[in-house]
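# Working through the structure, step by step
Okay, here's what each chain looks like letter by letter:
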Amino acid sequence: MSKIPTSSGAARELVLAKINEIHSEAEGLPVRGRIAFYRRVMDSLSDGMVLASQIRPVTNGEPRGEWVLAPGAISSRRMLYIHGGGWSAGSPKSHRAITDRLSRLARACVFAIDYRLLPEHSYLDGVIDCQHAYCWLRDNGPDGPSAAKFMVIAGDSAGGSHTLALIAWIRDQGLTAPDAALALSPTTDLMLSSLRNPANLDADAMLGPIIKRLAWIPAPILWCGLALTMRALPSNPLVSPLRGDLHHLPPTLIQVSESEALLDSAQQYAAKAQAAGSIVEIETWADMVHVWHIFTPPLLEAEQAFEHIGEFLKRVDTR
């Protein structure tokens, strides 16, 4: 495990202020209203952003999503990106700061999937969308049918959970494995033991206020509420990848902040996977917000994290 020291600065303080402002505006909204609010806020993150990449929407019945194509991206080098947002918010548009940067550093055509979200759909609907997109992406590039020669699956937060569940599903189905996986501040465990007393609640500016709202709910009601909302059991490895079989996985890099509520379970996932013989690297970054990568370029540590991702992909890329 690598611990990455970071320095606080004006950019970090601005990020924290923006997160606190968003939580204040969401306070008091009903559940559906809060979901709609977070969806609008997340999609606005890319407004006015200058991207190096071309954004090419998919419109002809293929998996829903968009291609993110940086100058020099090679058609046979592909990355499936699965956005975060608590499985109920977020979109390819909301995460363009990340997908643009990944396309540039990997010289890859990034397909950002627009998977089905809660509460309109079940959790497993989104899982199925990601499974389908991976199979499709192996045989289709931005210009039509062609085989992928280098393949990566990446995701953040809730999308990190989908990423880790997907690589295990690919193994179990006997499909061709990706060359690598990236999980940024991933959710790895939704069992009550993980939700009830996570460390860093006060330090986690983004997730702490959300998780604290669940603290007063009796455990049996919380369990039933999660299962009913997601229409899947929290113990299912497709929901909690930590609870699954973690042997024979592709090389995987996890980046997580030491200040976020998901730190403990991410470390448990990495340790369990390593004990099972899988090549899983985990980097912990000091004093960063949840998925700090999305605040590139103003946040220096976001750019540093992408540099580490680029180094990881160079190590696993043997082509």
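Check the entry above for the structure.
Calculation notes
Residues numbered from 1 in each chain as written. Predicted model: local features only at pLDDT ≥ 70, side-chain atom pairs only at ≥ 80, totals over all residues. Heavy atoms only, no water. Helix = DSSP H or I, 4+ residues; strand = E, 2+ residues; numbered from the N terminus. Rg over C-alpha atoms; globule rule 2.2 N^0.38 Å. Buried < 20%, exposed > 50% of the residue type's maximum accessible area, 1.4 Å probe, protein only. Contact = heavy atoms within 4.5 Å. Areas by Shrake-Rupley, 256 points an atom, 1.4 Å probe, with all protein chains shown as cover. Lys, Arg positive; Asp, Glu negative; His and termini not counted. Charge placed at Lys NZ, Arg CZ, Asp CG, Glu CD. Expected span 1.5 Å × (residues − 1). Pairing = 2+ DSSP bridges. Phe/Tyr/Trp six-rings, centres within 6.5 Å; stacked < 30°, edge-to-face > 60°. Axes fitted to C-alpha atoms, helices over the stretch in contact; angles between N-to-C directions. Parallel < 35°, antiparallel > 145°, perpendicular 65-115°, else oblique. Left-handed = near helix turned anticlockwise from the far one by under 90°. 1 Å grid on protein atoms, 1.4 Å probe; cavity = no way out; pocket = protein on both sides within 12 Å on 5 of 7 lines; lining within 4 Å. Points joined across faces, edges and corners; volume = space filled by probe spheres on them. Nonpolar A, V, L, I, M, F, W, Y, C, P; charged D, E, K, R; others polar. Disulfide = S-S within 2.5 Å.

## Observations regarding the overall build of the chain
- Along the chain, the regular secondary structure elements total ten helices and eleven strands.
- Taken over C-alpha atoms, the radius of gyration comes to 18 Å for the chain, in line with the 20 Å a tight globule of 319 residues would show.
- By its C-alpha atoms, the chain is 50 × 40 × 40 Å across when sized along the principal axes.
- Going through the 319 residues of the chain one by one, you find that 57% of them count as buried.
- When contacts within the chain are restricted to residue pairs at least 6 apart in sequence, those whose partners lie at least 24 apart make up 76%.
- Surface exposure of the chain reaches about 13,400 Å², of which carbon and sulfur atoms provide 57%.
- In the chain, 29 positive and 33 negative side-chain charges are present, and the distance between their average locations comes to 4 Å.

## Re unusual backbone geometry
- Cis rather than trans, the peptide bond between L118 and P119 has omega equal to -5°.
- Its place among the elements puts P119 in the loop between β5 (108-113) and α4 (123-139).
- Along the chain, T296 connects to P297 via a cis peptide bond; the corresponding omega equals 5°.
- Tracing the backbone through its elements, the reader meets P297 in the loop between β11 (280-285) and α10 (300-316).
- The phi torsion at R107 lies on the positive side, around 50°, for a residue other than glycine.
- Take R107: it is sitting in the loop between α3 (96-106) and β5.
- Unlike most non-glycine residues, D287 shows phi in positive territory, near 60°.

## Observations concerning the environment of A70
- Topologically, A70 is positioned in the loop between β3 (65-69) and β4 (74-82).
- Discounting residues that sit within four places of it in the chain, A70 has contacts with S53, S103 and R104.

## Observations regarding α10
- Between its first and last C-alpha atoms α10 spans 25 Å; for 17 residues at 1.5 Å apiece the expected length is 24 Å, and the two agree.
- Of all the positions in α10, only E301, A302, A305, F306, I309, G310, F312, L313 and V316 are classed as buried.

## Re the pairing of β5
- Of all six residues that make up β5, six are buried, and the element is covered over most of its length.
- Taking every second residue as pointing to the same face, both faces of β5 are buried, with A108, V110 and A112 on one and C109, F111 and I113 on the other.
- The pairing of β3 with β5 spans five bridges and is antiparallel. Following the sheet pairing, G65 is matched in β5 by I113.
- Here five bridges tie β4 to β5, and the two strands are oriented parallel to one another.

## Some details on the packing of aromatic side chains
- The tally for this structure, following the rule as stated, stands at six aromatic pairs.
- Here the aromatic rings of W67 and F111 are separated by 5.4 Å at their centres, their planes lie at 65°, and the arrangement is edge-to-face. Taken together, the residues W67 in strand β3 and F111 in strand β5 connect sequence positions 44 residues apart. Here W67 matches F111 in class, with each residue buried.
- Each ring, one from W285 and one from W292, has its centre 5.6 Å from the other, and the planes form 45°; the classification is tilted.

## Overview of the packing of α3 against α10
- α10 packs onto α3 with a crossing angle of 40° between their chain directions and a minimal axis gap of 10 Å. Considering the angle they form, α3 stands oblique to α10. The crossing of α3 and α10 is right-handed. Seen from α3, the contacting residues are I98, R101, L102, L105 and A106; seen from α10, they are E303, F306, I309, G310 and L313.

## A word on the layout of surface pockets
- Taken as a whole, the second largest pocket holds about 240 Å³ of empty space.
- No other element matches the three residues that helix α1 (residues 10-26) contributes to the lining of the second largest pocket.
- By residue class, the composition of the lining of the second largest pocket is ten nonpolar, three polar and no charged.

## Comments concerning empty space enclosed by the protein
- Applying the stated rule across the entire model yields two cavities of 30 Å³ or more.
- Considered as a void within the structure, the largest cavity measures approximately 40 Å³ in volume.
- For the lining of the largest cavity, the secondary-structure elements that each account for two or more residues are α4 and α5 (158-172).
- Broken down by element, the residue count for the lining of the largest cavity peaks at four residues, all from α5.
- Looking at the lining of the largest cavity, its residues break down into six nonpolar, two polar and no charged.

## Side note on the state of the cysteines
- Evaluation of the coordinates by the stated rule reveals zero disulfides.
- With no disulfide of its own, C109 lies closest to C135 among cysteine sulfurs, the gap being 19 Å.
- Note on C135: no disulfide assigned, nearest cysteine sulfur contributed by C130 at a separation of 11 Å.

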